[in-house]
Amino acid sequence: MRSAPSRRLAWIMSVLCVMTLLPATPAGADNPIVQTIYTADPAPLVHNGRVYLYTGHDEDGSTYFTMRDWRVYSSADMANWTDHGSPMSLATFAWADANAWAGHVTHRNGRFYWYVPVRNRATGGMAIGVAVGDSPTGPFRDALNRPLVENNEIDPNVLVDDDGQAYLYWGNPRLAYVRLNSDMVSYSGGINYVQLTAAGFGARSGNPGRPTLYEEGPWVYKRNGRYYNVFAAECCSEFIAYSTAPSATGPWTYRGTVMPRQGGSFTNHAGIIDYAGGSYFFYHNGALPGGGGYTRSVAVEKFTYNADGTIPTINMTTAGPPQVGTLDPFVRQEAETIAWSSGVETEASSEGGVNVGFIENGDHIKVKGVAFGSGATAFTARAASGTAGGRIELRLGGPTGTLVGTCTVNGTGGWQNWTTVTCPVSGATGTRDLYLRFTGGGGYLLNLDWWRFTGGGDGGGNLLTNGTMEDGTTGWTSSGGTLSSATDVAHGGSRSLLNSGRTSAWQGPHQDVTARLTNGRSYTTDVWVRSQSGTPGAKATLALTANGTTSYLQLTPAQTVGTGGWTRLTGTATVSWTGTLTNASFYVETTAGTDGLYVDDASFR
């Protein structure tokens, strides 16, 4: 029998007394970003056209900063966030014994470096460790097997300046920095301490030991030639303030408040990025039921810099930022890609990644801005149940909105014994918010791993035959090496394609789509890739031959792929040619090298 997560009880017991923190209906709420656990200390990173959000994890029912692991989420549209689970925990650092607190991730040298404060078992003090990963979603491993730097202070943040010099900032009560070497896991010189003055960081009254507003959590970045230091100010409770400087080391000038004291948590922690033409401010509060100073939740707001580059005052909202674009329902979507949820939680899946679980009658998931186009005709999902199962109701506009389909999931004999179910859909057209509402008897009903709609018209129609790879190599050939159906590794279902024995970077699984293309139309590519060895860059490409001339259209940005997990390649490109098209070939290749490639769940629409 599955043990019930304690946060579900906290949700039920506290919802009556904290309803003022949430909108009357979840239909208009997208903040906080994550509802399945308590998250804190956001650290956003933009990489290859996607936002990755690294957070801490407040344990359920905490009465102190009880934190044992870190979490990763990502989004392409700032509304629907995919849960990538926990790629790093205290156990990653053999020398640490407690306090998986606020960290920061940066990308350099083709790798991802995660700087975190943890308690050093040997000294009992807080130290900064660094872990490294080959993918933004990990896994991460201790880069040094010892602290990078230690002065019993917290909250690391990294800036890589335009000249290549990297700086590691951290500190509470002081503000310290070191100059990192190019390897990102060592530094030159000693620890430097910024002189905290009222002119630089604002004046605090009534506390001679801490005369300035600076408290903790520096977020240092550069924009348009100006350096910003956004920090948590004057506990308790904290507000967010900022200073600016002409260089990475100062001198700093205090500029004022970014976010006032708000939100039911006596701490706050900021992160700022630019993405898809907008600027975004991440923070945390105590807005979820059961939330507070030790059970916090990450949220985000969109903002616009003032004309002079100063940051406006930003207030917390439950609405969150507007969606960037739409979500494509005709490609595989992870069940843990969520704009808002009620009741559900997530866990590691036996088929890789994360699945939604602990689902009970009446729970639901909201997916925002789903572009059904001219219509969907069927819904397919990967599900499991250790009981009698339940039903997935497909509703539009709200958890009790228009019903467009119902899928029945029967018992599968185990919570990780997966099966694929399909049901008809009618009435799903246009761009709508989709709600997956779960119904059935008492107790836990089912687990959900992924879903996909199928349909005709502009919104659907995968141009690739056997995009799921479940029919072996049907529809696919290789431009070099050996193509085979792999059953030992799969992203979804039970099979993937393996292209081994490649002798050139351009060789990979490919498929002829000549007769399926329309000149001048935009197509969206979505494909999951994993390497058999090494960490090559991979991308999807379309080769077009017209009037005897062959051109190559890159369909997705290149991303580093590894052996430890799947990497999603996705992008939208307009396909056009002049003259008569005689050949069009869709294929996956590497930017360099000849490592073997696994490919799964491919679509080209």
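Before reading on, note that the structure itself is shown above.
Just so it is clear, the model here is predicted, and its values are computed rather than measured.

(A) Structural view of the packing of aromatic side chains. With the rule as written, the count across this model stands at 32 aromatic pairs. Aromatic side chains Tyr64 and Tyr294 sit 6.2 Å apart centroid to centroid with 40° between the ring planes, which places their arrangement in the tilted category. Of this pair, Tyr64 sits in the loop between strand 2 (50-58) and strand 3 (67-75) while Tyr294 sits in the loop between strand 21 (278-285) and strand 22 (297-303); the two residues are 230 residues apart in sequence, bridging distant segments of the chain. Since its relative accessible area comes to 43%, Tyr64 is described here as partly exposed. Relative to Phe453, the ring of Phe372 lies with its centre 5.1 Å away and its plane at 85°, an arrangement referred to as edge-to-face. Residue Phe372 is located in the loop between strand 28 (364-371) and strand 29 (378-385), and its partner Phe453 is located in strand 34 (residues 447-454); the two are separated by 81 residues in the primary sequence. The pair Phe372 / Phe453 is uniform in exposure class, with both members buried.

(B) Structural detail: the nonpolar core. Judged by nonpolar contacts, the single largest core of 45 residues is most densely connected at Tyr54, Trp114, Val230, Ile272, Phe281 and Ile311. Per element, the largest residue contribution to this core is four residues, and it comes from strand 8 (residues 111-120). With sequence-adjacent residues up to four places away left out, Ile272 is seen in contact with Pro44, Trp219, Tyr221, Val230, Tyr280, Phe281, Phe303, Tyr305 and Ile311. In this structure, Phe330, Val356, Phe372 and Phe438 belong to the second largest nonpolar core, which totals 33 residues.

(C) Local environment of unusual backbone geometry. Between Asn31 and Pro32 the backbone carries a cis peptide bond, its omega angle lying at -5°. Tracing the backbone through its elements, the reader meets Pro32 in the loop between helix 1 (6-15) and strand 1 (38-47). Look at the link from Gly250 to Pro251: it is a cis peptide, with omega at 0°. Here Phe358, not a glycine, exhibits a phi torsion of approximately 55°, which is positive.

(D) Inspection of the layout of surface pockets at higher detail. Taken as a whole, the second largest pocket spans an internal volume of roughly 530 Å³. Lining the second largest pocket are 22 residues, and of these Leu45, Val158, Leu159, Tyr221 and Ile272 sit closest to its centre. Looking at the lining of the second largest pocket, the elements with two or more residues in it are strand 1, strand 7 (104-108), strand 12 (157-160), strand 16 (214-223) and strand 20 (271-275). Its residues placed into classes, the lining of the second largest pocket shows 13 nonpolar, four polar and five charged.

(E) Quick peek at empty space enclosed by the protein. Evaluated as defined, the whole model comprises three cavities of 30 Å³ or more. In this structure, the largest cavity spans a volume of roughly 90 Å³. For the largest cavity, the full set of lining residues is Ile33, Val34, Gln35, Thr36, Tyr73, Trp81, Asp83, Glu336, Ile338, Ser341 and Thr346. A breakdown of the residues in the lining of the largest cavity according to their chemical character gives five nonpolar, four polar and two charged.

(F) Looking closely at the state of the cysteines. Under the counting rule described, the total for this entry stands at two disulfides. Put simply, Cys235 and Cys236 are joined by a disulfide, and their sulfur atoms are 1.5 Å apart. Residues Cys235 and Cys236 are joined through a disulfide that is right-handed, its torsion about the S-S bond being 50°. Its relative accessible area of 55% is what places Cys236 among the exposed residues.

Basis of the calculations
Residues numbered from 1 in each chain as written. Predicted model: local features only at pLDDT ≥ 70, side-chain atom pairs only at ≥ 80, totals over all residues. Heavy atoms only, no water. Phe/Tyr/Trp six-rings, centres within 6.5 Å; stacked < 30°, edge-to-face > 60°. Helix = DSSP H or I, 4+ residues; strand = E, 2+ residues; numbered from the N terminus. Buried < 20%, exposed > 50% of the residue type's maximum accessible area, 1.4 Å probe, protein only. Core = buried A, V, L, I, M, F, W, Y, C linked by side-chain atoms within 4.5 Å. Contact = heavy atoms within 4.5 Å. 1 Å grid on protein atoms, 1.4 Å probe; cavity = no way out; pocket = protein on both sides within 12 Å on 5 of 7 lines; lining within 4 Å. Points joined across faces, edges and corners; volume = space filled by probe spheres on them. Nonpolar A, V, L, I, M, F, W, Y, C, P; charged D, E, K, R; others polar. Disulfide = S-S within 2.5 Å.

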